[in-house]
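Chain by chain, the residues:
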Amino acid sequence: MFSSVAPLVRLNPFHAPHLQLQQDSLALRKRPADEATEPSSTRRTLAAASAEAEEYSCAYGSGRFFILCGFGGIISCGTTHTALVPLDLVKCRIQVDPQKYKSIFSGFSVTLKEDGVRGLAKGWAPTFIGYSMQGLCKFGFYEVFKIFYGNMLGEENAYLWRTSLYLAASASAEFFADIALAPMEAAKVRIQTQPGYANTLRQAVPKMFAEEGVWAFYKGVAPLWMRQIPYTMMKFACFERTVEALYKYVVPKPRSECSKAEQLVVTFIAGYIAGVFCAIVSHPADSVVSVLNKEKGSSALEVLKKLGIKGVWKGLFARIIMIGTLTALQWFIYDSVKVYFRLPRPPPPEMPESLKKKRGLTE
């Protein structure tokens, strides 16, 4: 897919403008002097943009770009989800046994009393492995699909329908990400919510396979899609539009004039706002996933009927805290990885010149 996408990147509306300017500048230098009609100020601007573009370690949309984005997803998702395992453990227990674990505080208290401090780390191994693989697919494929769909729509439509573009690209990426996540998510929930079932991943996997075969690891993939696809669609679309709004209405200067540290602060704020909406949208399906992986032989529809409207919202407050923090940190780490590896980071999209002319906004 990379080979088919990369040649089209320069036509993509989200293509880094500095890289496009670099190409224009190179083309200008190849032209004979008598054909160079641009004013000297334009040539100086192109030359400056070209110098800045040379600082990037790879081209936007290249194979290296996608690979490093996937690596950023591994770091951002794997580390953040693992760090929040104690909160995730309590949240899952509230969902599957609300009589015993009545709130976040009582959940922590009961867990510490029964399992000690080490009990709060139950499920860390499947969490780290599963969400690292999910992050690889989620962020890596998002960049791929965003470019791919953007080229299908064309420059003007990709700008006008950019929210739909973000939604479609993130949904496509998450479809594959959940297939990668499902086996470890199933093992994690068994370890965290079934006392005495297994204490480690090495104990859980053989036991699950012996009892239910391969199906044990993938029976929760449909509820995962129900939970994660709306979550990821909200995560990416809300983040992209929030960043755009922050630079337009809140930040007192253009992004090009902000330092990288200031840009990362905007990233964190936009990520947290997106995370709150993500938690609300995906929580009912998250409750179904937790109960489904605990109870043998149940279907998603049966669990949904059993929980009822009130039951699917148990543990929402804990999930808002967890997902809000998680999403903000993920975007911050992901963007930091891009900065560290000097990857192109296109600014928020602007209306194409051709569309401005159509609407009479330019002469």
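Higher on the page you've got the structure.
What you are looking at is a predicted structure, and each value in this text was computed from that prediction instead of being measured.

Undergrad: Looking at this structure, how should I read the packing of aromatic side chains?
TA: The description of two aromatic rings rests on the distance between their centres and on the angle between their planes. Counted by the stated rule, this structure contains 20 aromatic pairs. Between Tyr142 and Phe236 the ring centres are 4.1 Å apart and the planes differ by 40 degrees, which places this aromatic pair in the tilted class. With a gap of 94 residues between them, Tyr142 in helix α7 (residues 124-153) and Phe236 in helix α12 (residues 221-250) connect regions that are remote in the sequence. Under the relative-accessibility criterion, Phe236 is labelled buried at 0%. Against the face of Tyr159 rests Arg162, its NZ or CZ located 4.3 Å from the ring centre.

Undergrad: Mind showing me how you'd approach the environment of Ala222 here?
TA: Within the element layout of this structure, Ala222 appears in helix α12. Taking relative accessible area as the criterion, Ala222 reaches 38% and is therefore assigned partly exposed. Sequence separation between Ala222 and Ala182 is 40 residues, and the spatial gap between their C-alpha atoms is 9.3 Å.

Undergrad: Help me out: how do you make sense of helix α15 (residues 316-340) in this one?
TA: Given 3.6 residues to a turn, an α-helix orients residues that are three or four positions apart in the same direction. If you check α15, its first and last C-alpha atoms are 35 Å apart, about what 25 residues at 1.5 Å a residue would give, namely 36 Å. Of the residues flanking the end of α15, it is Arg342, one or two places downstream, whose phi is positive at about 60 degrees.

Undergrad: Hey, could you run me through helix α6 (residues 104-119) in this one?
TA: Here α6 spans only 15 Å end to end across 16 residues, well under the 22 Å set by a 1.5 Å rise per residue. Most pronounced at Lys113, the bend in α6 amounts to some 90 degrees. If you check which residues of α6 are buried, you get Ile104, Gly107, Thr111 and Gly119. Close packing links the buried residues of α6 with α5 (85-96) and α15.

Undergrad: Quick question: what am I supposed to make of the pattern of salt bridges here?
TA: Side chains that carry opposite charge are capable of pairing whenever their charged atoms lie near each other. Evaluation of the coordinates by the stated rule reveals 17 salt bridges. In this structure, the salt-bridge partner of Lys188 is Asp88, at a minimum N-O distance of 2.7 Å. Of this pair, Lys188 sits in helix α9 (residues 162-193) while Asp88 sits in helix α5; the two residues are 100 residues apart in sequence, bridging distant segments of the chain. Like Asp88, Lys188 is buried. In this structure, Arg162 and Glu244 form a salt bridge, with 2.8 Å as the shortest nitrogen-oxygen distance.

Rules used throughout
Residues numbered from 1 in each chain as written. Predicted model: local features only at pLDDT ≥ 70, side-chain atom pairs only at ≥ 80, totals over all residues. Heavy atoms only, no water. Phe/Tyr/Trp six-rings, centres within 6.5 Å; stacked < 30°, edge-to-face > 60°. Helix = DSSP H or I, 4+ residues; strand = E, 2+ residues; numbered from the N terminus. Buried < 20%, exposed > 50% of the residue type's maximum accessible area, 1.4 Å probe, protein only. Lys NZ or Arg CZ within 6 Å of the ring centre and 35° of its normal. Expected span 1.5 Å × (residues − 1). Bend = angle between axes of the 7 residues up to and from the residue. Contact = heavy atoms within 4.5 Å. Salt bridge = Lys/Arg side-chain N within 4 Å of Asp/Glu carboxyl O.

Interpretation in functional terms is not warranted from these geometric data alone.
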